[in-house]
Amino acid sequence: MKLRVRFAPSPTGHLHIGGARTALFNYLLARKYGGTFVLRIEDTDELRSDEKSVKSIFSSLKWLGLDWDEGAMPDGTEIGSCGPYIQSKREEMGIYRKYADQLIREGKAYHCYCTPQELEKMKKKAQLEKKSLKYDGRCRRLTKSQIEEFKKEGRKPVVRFKMPQEGKTVFEDLIHKTVSFENRLLYDCVIIKASGYPTYNFACVIDDCLMKITHVMRGDDHISNTPLQVNIYRALGFDVPRFAHLSMILGPDGKRLSKRHGSTSVEEYRRRGFLPLALRNYLALLGFSTSDSQQLFKEKELEEKFCLEGCQKNPAVFDEIKLRWMNGEYIRMLSREKLFSMSLPFLEKKGLKVQKNERNIEIVALQQEKYKLLEDVPYLVEFFYRDVEYASDAVEKVLKKPRARAILESIQKVYREMKDFTEKEIEAKTREFARSNNYKTAEIFHPVRVSVSGRTQGPTLFKMLELLGREETVRRISIARRLLESA
RNA sequence: GGCCCCAUCGUCUAGCGGCCUAGGACGCCGCCCUCUCAAGGCGGAGAUCACGGGUUCGAAUCCCGUUGGGGCCGCCA
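This one's a predicted model, so the numbers in the text were calculated from it and none came from an experiment. (Residues numbered from 1 in each chain as written. Chains lettered and ligands numbered in written order. Predicted model: local features only at pLDDT ≥ 70, side-chain atom pairs only at ≥ 80, totals over all residues. Heavy atoms only, no water.)

Tracing the sequence through the fold places Lys255 in the loop between strand S12 (249-250) and helix H9 (266-271). For the pair Lys255 and Val317, spaced 62 residues apart in sequence, the C-alpha separation works out to 8.7 Å. Residues contacting Lys255, with those up to four places away along its chain left out, are Leu250, Arg260 and His261. (Helix = DSSP H or I, 4+ residues; strand = E, 2+ residues; numbered from the N terminus. Contact = heavy atoms within 4.5 Å.)

Taken as a whole and assessed by the stated rule, the structure comprises 14 aromatic pairs. Plain terms: the ring middles of Tyr27 and Phe37 are 6.2 Å apart, the flat faces sit at 75° to each other, and that makes the pair edge-to-face. In this pair, Tyr27 is assigned in helix H1 (residues 17-32) and Phe37 in strand S2 (residues 36-39), connecting sequence segments ten residues apart. Between Tyr113 and Phe150, the ring centres sit 5.2 Å apart and the planes meet at 15°, which makes this aromatic pair stacked. With Tyr113 in the loop between strand S5 (109-112) and helix H5 (116-128) and Phe150 in helix H6 (residues 144-152), the pair connects residues that are 37 residues apart, well separated along the chain. With respect to class, Tyr113 is no different from Phe150; both count as buried. Here the aromatic residues Tyr269, Phe274, Tyr282 and Phe318 are joined through ring pairs into a cluster of three or more. Sitting over the face of the ring of Phe25, Arg21 holds its NZ or CZ atom 5.2 Å from the ring centroid. (Phe/Tyr/Trp six-rings, centres within 6.5 Å; stacked < 30°, edge-to-face > 60°. Buried < 20%, exposed > 50% of the residue type's maximum accessible area, 1.4 Å probe, protein only. Lys NZ or Arg CZ within 6 Å of the ring centre and 35° of its normal.)

Taken domain by domain, chain A consists of domain 1 (4-91 + 249-317), domain 2 (94-246), domain 3 (334-384) and domain 4 (392-486). Here domain 2 and domain 3 have C-alpha centroids that lie 55 Å from each other. (Domains from an automatic or database assignment.)

Strands belonging to one sheet form pairs held by backbone hydrogen bonds; the direction of such a pair is parallel or antiparallel. The strand order across the open sheet formed by four strands is S1-S2-S3-S4, and the pairing between neighbours is mixed. Each edge of the open sheet carries a strand with a single partner, namely strand S1 (4-7) and strand S4 (78-79). In this structure, S1 lies alongside S2, joined through four bridges in parallel fashion. Considered in S2, the bridge of Arg4 is made with Thr36. Strand contacts of H1: S1 and S2, with the helix running at about 165° to S1, the strand carrying the most contacts. (Pairing = 2+ DSSP bridges. Axes fitted to C-alpha atoms, helices over the stretch in contact; angles between N-to-C directions.)

Once that is clear, we can look at the pattern of salt bridges. Throughout the structure, instances matching the rule amount to 40 salt bridges. Glu382 is the salt-bridge partner of Arg386, the closest N and O atoms lying 3.5 Å from each other. Of the charged contacts in the structure, one is a salt bridge between Asp387 and Arg475, with a shortest N-O distance of 3.6 Å. You can see Asp387 sitting in the loop between helix H15 (377-385) and helix H16 (392-399) and its partner Arg475 sitting in helix H21 (residues 470-486), a full 88 residues away along the chain. Take Asp387: its relative accessible area is 61%, and that puts it in the exposed class. Here Arg475 falls in the partly exposed class, since its relative accessible area comes to 38%. Each of Arg6, Arg40, Glu42, Arg90, Asp207 and Asp208 takes part in a single network of salt bridges with overlapping partners. (Salt bridge = Lys/Arg side-chain N within 4 Å of Asp/Glu carboxyl O.)

In structure tokens, the structure reads:
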């Protein structure tokens, strides 16, 4: 049987890091074994689901390069023969209702007329008596007259699934091995809400079955849902799929990753200049590793090396420092042209309108090894395009050195008289100047650097001057000299 | 509180009974390279394998317990 996996987000916000990791692992598993990766939208929460989130999730998945073979597509169409792939549409078709009715007919489910307030009271009471908080199943055996009474009151019932009350529900998890639950601790969960919508646990089972999903890979916060679902599969006479529960991703404080830990949506990482392949690589290493603990994976290499055996049971702390390192690695692997085009939006955001030409490509590439994020690019290149802002520490520590004034005056003259203002020539002339005047090279290099860039750190000096051009170099040295005179 | 899951350097992890005086990666420190900053190269610190019992000739690896952390306990998914 061909492997089929799915990613089934609920559209209640942007794609979260944890969701992205789940999607990635499903994608990798499908690619590795030549299976099918299905995308299903679980929008059965009528209040919180919205179209905007669907769009955002699509765009994040697409950005990460996690293409799906089947399911809802960004243009509103659907691919595949198991559709619709959006649960609200499936609900409209009465798919869930049909199976719920079947269960009721077979005596495996029943109507429950308890109101939320009554359930709340029940829970409070149980709490006081230190009993289990689960629903007590009181509506399992309602008399005809009781039902009439409720109907007269206008109560809208939910449908509850009759959970077995003895024995154990056991399943083999591909990552956790055998997981077992006592049935008497399970409870009759709601499968159809009063609104007529299915609950997650029900819709999920129906759809995974109808969509012929063979492997359900998801976060291990779903482990406790699994016995419920297994029993629903069985009651319906469905085959139970294989489960693989992935460990959680935690924040630095060891708590489940959430907004208060900083950026948590893929969208934010994109905005900050992380590269999709870098994020993908990093995410893959949260809960997966090869036997040689490989860190960096080339394109397609993850698809080849991914396997369930390499998946981790224990939770992983999300380490942005390591992600940044990895992002730097990926930025360094970019071609100059690619680096430039990817940097453009970030330059524009900072008000730098930069044409695509050889000079500008070179300017951006000049400090390629320094960027950790694309967001770093504008700051590191801005002085090429804007008036220099002299950093105070640079002025104090370098420009105000006793001999700097005289040196700047002389070297400016040298530059002014040069014919070919090229990297090689500038270096030759500058070194020659140092030698004949008995200066240490550093005495010249540093003030020149600060003069043209305003900073003590920057690209390699002579290339920087060449790119700035003779005019601009000379002009900036003048500005620096004037600054010193007025100081 | 009940149930479930988990437990190797600060972090991600290798390890699946002897090769482990525990390997790699990030981060940290030092040195080298060098026009600065990076990048790169080399080296270092960093884990009594949570703790306690077993099993075994032998345990980070298997079993039990304890502790700690996390998850779930919704007409949310």
